[in-house]
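# Architecture and fold: a report
Chain residues, written in single-letter form:
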2 protein chains.
Amino acid sequence: MIQRLVIFGVGLIGGSLALALRQAGHVVEVVGCSRNAANLEEAQRLGVIDRWTTDPVEACEGADVGVLAVPLGSMQGLAEALSGHWPESALLTDVGSSKQAVIESIRAGFGHLPRNFVAGHPIAGTEKSGVGAAFAELFRERLVILTPADETSPMATDRIAQMWRDAGARIEFMTPAHHDHVLAATSHLPHVLAFALVESLARLSESDEIFHYAAGGFRDFTRIASSDPVVWRDICIANREALLEVMERFQRDLETLRAQIAESDAATLESRFAFAKKARDRFSEKMQVQLDQ
Amino acid sequence: MIQRLVIFGVGLIGGSLALALRQAGHVVEVVGCSRNAANLEEAQRLGVIDRWTTDPVEACEGADVGVLAVPLGSMQGLAEALSGHWPESALLTDVGSSKQAVIESIRAGFGHLPRNFVAGHPIAGTEKSGVGAAFAELFRERLVILTPADETSPMATDRIAQMWRDAGARIEFMTPAHHDHVLAATSHLPHVLAFALVESLARLSESDEIFHYAAGGFRDFTRIASSDPVVWRDICIANREALLEVMERFQRDLETLRAQIAESDAATLESRFAFAKKARDRFSEKMQVQLDQ
C-alpha cells in the first residue's frame, strides 16, 4: 500500500497509473504536481488526484512514491527542483521512452543517481494525450520495462515492480541501452514515419482532397501521428543515437525498394512484401496469444 | 436487378461485392471464374457464388455484368481471354487500384476499349485477403471512385454506379490520372512504408525480441503489411509513376527530419510534428463525421 503517491505531470500515463492504483485500492492519497494549474484542477475534478501543487518542493513533503511523467526534455529541470527536497527513503521512478537519457537527466539534476530511483517505461499508450484521456485499464496486461542502474537499490526495484503489477502490468528487466535500441525500432521509428507521412501529404496543394479519399488503412497507419508533438520532439532528441541508427537502416531499405519499383522488378518486390507479410502475421498471432492470456 | 453477375477473381473484394448484392436481392445468379478451382469451391461453399468455371470463355455465356477483381498484373491476360467472347451488351467493370494501368490493359487485351467497360475502384478493404475474408458490409458507406474514359458509354457508367450503390457504397467520379495520383498518396505509399518497416525490423538479428516489445501503436501502424504481396507487387508496378513521385517527396521529407533529429533541432521538430498532428486530427474528425452520417 502506498500512503502518498506524487505524480509529476498528470497526463495520459501519469493519470492512468493514479487511476489504476486508486481503483485497485493500492494507494491512500494521490498528489498531482505540474506547472499547469488548469491541468491539475481538471485532474482533481476527474478524480485522478486528491490534491495538487505547482511547487515541486511542496510536493516532496511526506511523499512515499514519486512518478516522473513529464516530457523527457523537462526531466532534468524537475530533478534539479527535487534535489535536496525529495525524501531519501521515498521511491522515485519515471515513465520516459528513453532510459539512458532519463538516467543522465536524473544524475545531472540530483548530482548523483539516488539509490531509490528506478527507471521504468510502460509499453502502453494511445495517440491521445492529457489527463482527460487517462483510464485505469491502460496498463492491464501491458509490459512495463524496468532498467535499474548499478546504483539502484534492489529493494526499490522490487517495490516499483510491485506497484506496476498492482496497476495490472507485467514486468520485464533490461539494460537502459538495450531498452533504447529496442524502442527506437518498435516505437520511435514508426512514430517518426507516421508524422513524416502525414506532414508530407498535408503539404501537397490538394491535401484536403487527398485526405478525403483516405480509408481505414490510412487511418490506422497514421493514428500515431496524432500523438503529442512535445513528447515526441523530446523522445527523438533524447533517443537520437538509437533512433538515427534504425532510421538510416530503414531509409536504405526504402531506397532499394524505390529503385526496384522504378525498375518494375516484380520478383524482388513480391519476395520482399511476402517476407514482411510473414513477419507481420507472426507478430499478429503472438500478440493475439498475449491478449488472450 | 442483375440476372447473371460474373466475378473474375473471387477474393476479398470480388467476394464481398457478390455477397452485398446477393443479400440486398440485387442479383439472381453469381458465377465465379478464376484459375484456382479450390478457391472457387470454397467461394461456392461459403455461399458467395452459385456456380463456377475456370474457363473465362465459358464464364462469358449469358453474362449481364462482369467484375474484374484479379491482381493488376493478370488484367491484360484476362482481357485477352475475354476478347471476342464477352457479350457486347454486357457491362464490364473492375476494382483495380491503378486506373490508368487497368484501362491500358483492357485496351490492349480487347484491341480497343469496350464502350461498356467502366473502370472503378472501391476505397475499401482490409489487410486480409481471400474469399474467406469477404463480407457483405465491406462497402457500406465507403467511396467507390469511377473513372470512365472518353469512350465509355454514359449509360454503362450509370448502371455500374447503381450496382455499387446497391452494395451500399457512395460514388464519386474523377479522371484515371487523378485517381492514380490521389491513391498513390493515401494508399500505395503507406502500404510501401508498412512493408518496408516490417521488413527492415524483421531483418535485424534480434527481430523476435523487437516484435515482442511492440505494442498497439506498432500493431496499427503495420497492419497493412499483412496485405497480399502479389496484389501489392502489381499495384506498385502498375502505378509506378505516381507512386515514385510521392515516394521521392516523402524520402526527401524524411531525410530533412533525420538531419533535424541529428542536430537536436527541437523547435523545427516540434513544429513539424504539430503540423502533422493537426492535419491528422482534422482528418480524424472528418472521417468520424462520415462514419456518423
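Residues numbered from 1 in each chain as written. Chains lettered and ligands numbered in written order. Predicted model: local features only at pLDDT ≥ 70, side-chain atom pairs only at ≥ 80, totals over all residues.

## So, the overall build of chain A
Regarding its fold elements, chain A presents 12 helices and nine strands. Computed over C-alpha atoms, the radius of gyration of chain A comes to 21 Å, within 12% of the 19 Å expected from 2.2 N^0.38 for 293 residues, which places it in the range of a compact globule. The principal-axis extents of the C-alpha atoms in chain A amount to approximately 65 × 40 × 40 Å. Per-residue burial for chain A yields a buried fraction of 53% across its 293 residues. (Helix = DSSP H or I, 4+ residues; strand = E, 2+ residues; numbered from the N terminus. Rg over C-alpha atoms; globule rule 2.2 N^0.38 Å. Buried ≥ 20, exposed ≤ 12 C-beta atoms within 10 Å, placed from the backbone.)

## Concerning the environment of A:Trp52
Residue and element names in this part refer to chain A. Structurally, Trp52 is set in strand E3 (residues 51–53). Residues Trp52 and Val6, 46 residues apart in the sequence, show an inter-C-alpha distance of 9.0 Å. With near-sequence residues (within four places) excluded, Trp52 lies in contact with Val31, Gly32, Cys33, Leu40, Ala43 and Gln44. (Contact = placed C-beta atoms within 7 Å.)

## A word on the environment of A:Glu199
Along the polypeptide, A:Glu199 turns up in helix H7 (residues 176–202). By the C-beta count within 10 Å, which is 23 here, A:Glu199 ends up buried. Separated by 26 residues in sequence, A:Glu199 and A:Ala225 have C-alpha atoms that sit 9.1 Å apart. When sequence neighbours within four positions are dropped, the list of residues in contact with A:Glu199 reads B:Asp253, B:Arg272, B:Phe275 and B:Ala276.

## Here we look at the pairing of strand E4 (residues 65–68) of chain B
Residues and elements named next belong to chain B. Along E4, one buried face is formed by Val65 and Val67 and the opposite face, lined by Gly66 and Leu68, is buried too. With four bridges joining them, strand E1 (residues 2–8) and E4 adopt parallel strand pairing. Looking across to E4, one finds that Phe8 is bridged to Leu68. Regarding topology, helix H4 (residues 75–82) serves as the crossover connection from E4 to the parallel strand E5 (residues 91–94), and that connection is right-handed. (Pairing = 2+ DSSP bridges. Right-handed = clockwise from strand over helix to strand, strands pointing away.)

## Observations concerning the interface of chain B and chain A
Each partner contributes residues to the interface: chain B has 74 residues there, and chain A has 74 residues. At the level of secondary structure, the elements contributing two or more residues to the side of chain B that touches chain A comprise helix H7 (176–202), helix H8 (207–212), helix H9 (216–222), helix H10 (229–238), helix H11 (240–262) and helix H12 (266–292) of chain B. Residues of the side of chain B that touches chain A, tallied by class, amount to 48 nonpolar, 11 polar and 15 charged. (Nonpolar A, V, L, I, M, F, W, Y, C, P; charged D, E, K, R; others polar.)

## Quick look at the sheet that holds strand E9 (residues 170–173) of chain B
All names here are of chain B. Here three strands make up an open sheet; going across it, the order is E7-E8-E9 and the pairing mixed. Where the open sheet ends on each side, the last strands, each with one partner, are strand E7 (120–122) and E9. Pairwise comparison of adjacent strand axes, ignoring direction, gives a mean angle of 25° for this sheet. As judged from the four bridges shared by strand E8 (residues 143–146) and E9, these two strands associate in the parallel manner. Paired with Leu146 across the strands is Phe173, a residue of E9. Packed onto the sheet, helix H6 (residues 154–166) meets E7, E8 and E9 and runs at close to 165° relative to E8. (Axes fitted to C-alpha atoms, helices over the stretch in contact; angles between N-to-C directions.)

## Considering the sheet that holds strand E3 (residues 51–53) of chain B
Residue and element names in this part refer to chain B. Across the sheet, which stays open at both edges, the six strands sit in the order E3-E2-E1-E4-E5-E6 with parallel pairing between neighbours. Both edges of this open sheet fall to E3 and strand E6 (117–118), since each of them pairs with a single strand only. Taken together, the four bridges between E4 and E5 define a ladder with parallel strand orientation. Looking at E5, one finds that Leu68 is bridged to Asp94.

## What to know about the relation of the copies chain B and chain A
Placing chain B over chain A gives an RMSD of 0.0 Å and needs a rotation angle of 180°, together with 0.0 Å of translation along the axis. Considering both components of the superposition, the chain copies are consistent with a two-fold axis. Across chain B, the rotation axis passes nearest the C-alpha of B:Phe221, at a separation of 2.1 Å. Here 100% of the contact residues of chain B are again contact residues in chain A; the copies associate through an equivalent surface. (Least-squares fit on C-alpha atoms with pLDDT ≥ 70 in both.)

## Focus on the confidence of the model for chain A
Put simply, chain A has an average pLDDT of 95, and 98% of its residues get 70 or more. The complex prediction reports pTM at 0.90, with the ipTM value standing at 0.90. (pLDDT = per-residue confidence, 0-100.)

## Some thoughts on helix H2 (residues 37–45) of chain A
Residues that lie three or four places apart on an α-helix share one face, since the helix turns once every 3.6 residues. Residue and element names in this part refer to chain A. Buried residues of H2: Asn39, Leu40 and Ala43, and no others. Looking straight down H2, one finds its buried side chains confined to an arc of 95°; they lie on one side. Within H2, the exposed residues directed more than 90 degrees away from the buried face are Ala37, Ala38 and Arg45. The inward-facing, buried residues of H2 contact helix H1 (12–23), strand E2 (27–33) and E3. (Arc of directions from axis to C-beta.)

## A few points about the domain arrangement of chain A
Where interface size is quoted, it is often the accessible area lost as the parts come together. Residues and elements named next belong to chain A. When cut into domains, chain A gives domain 1 (2–174) and domain 2 (178–292). Taken together, the contact between domain 1 and domain 2 spans 14 residues of the former and 16 residues of the latter. A class-by-class count of the residues in the side of domain 1 that touches domain 2 yields five nonpolar, seven polar and two charged. (Domains from an automatic or database assignment.)

## Some remarks on H6(B)
Residues and elements named next belong to chain B. Relative to the 18 Å expected for 13 residues at 1.5 Å per residue, H6 spans 18 Å between its end C-alpha atoms, a close match to the ideal helical length. The set of residues buried in H6 consists of Ala156, Thr157, Ile160, Ala161, Met163 and Trp164. Projection of H6 onto a plane perpendicular to its axis shows the buried side chains occupying an angular sector of 155°, all on one side. H6 presents Pro154 and Met155 as exposed residues on the side facing more than 90 degrees away from its buried surface. Two residues or fewer after H6 comes Gly168, characterised by a positive phi angle close to 105°. (Expected span 1.5 Å × (residues − 1).)

## As for the packing of H7(A) against helix H11 (residues 240–262) of chain A
All names here are of chain A. It is at 8 Å that the axes of H7 and H11 come closest, and there the two elements cross at 60°. By the angle between their axes, H7 is oblique relative to H11. Where H7 crosses over H11, the two elements pack in a sense that is right-handed. The residues of H11 that touch H7, namely those facing Asp180, His181, Ala184, Ala185, His188, Leu189 and Val192, are Ala242, Leu243, Glu245, Val246, Met247 and Phe250. Its residues placed into classes, the contact of H7 with H11 shows nine nonpolar, two polar and two charged. (Parallel < 35°, antiparallel > 145°, perpendicular 65-115°, else oblique. Left-handed = near helix turned anticlockwise from the far one by under 90°.)

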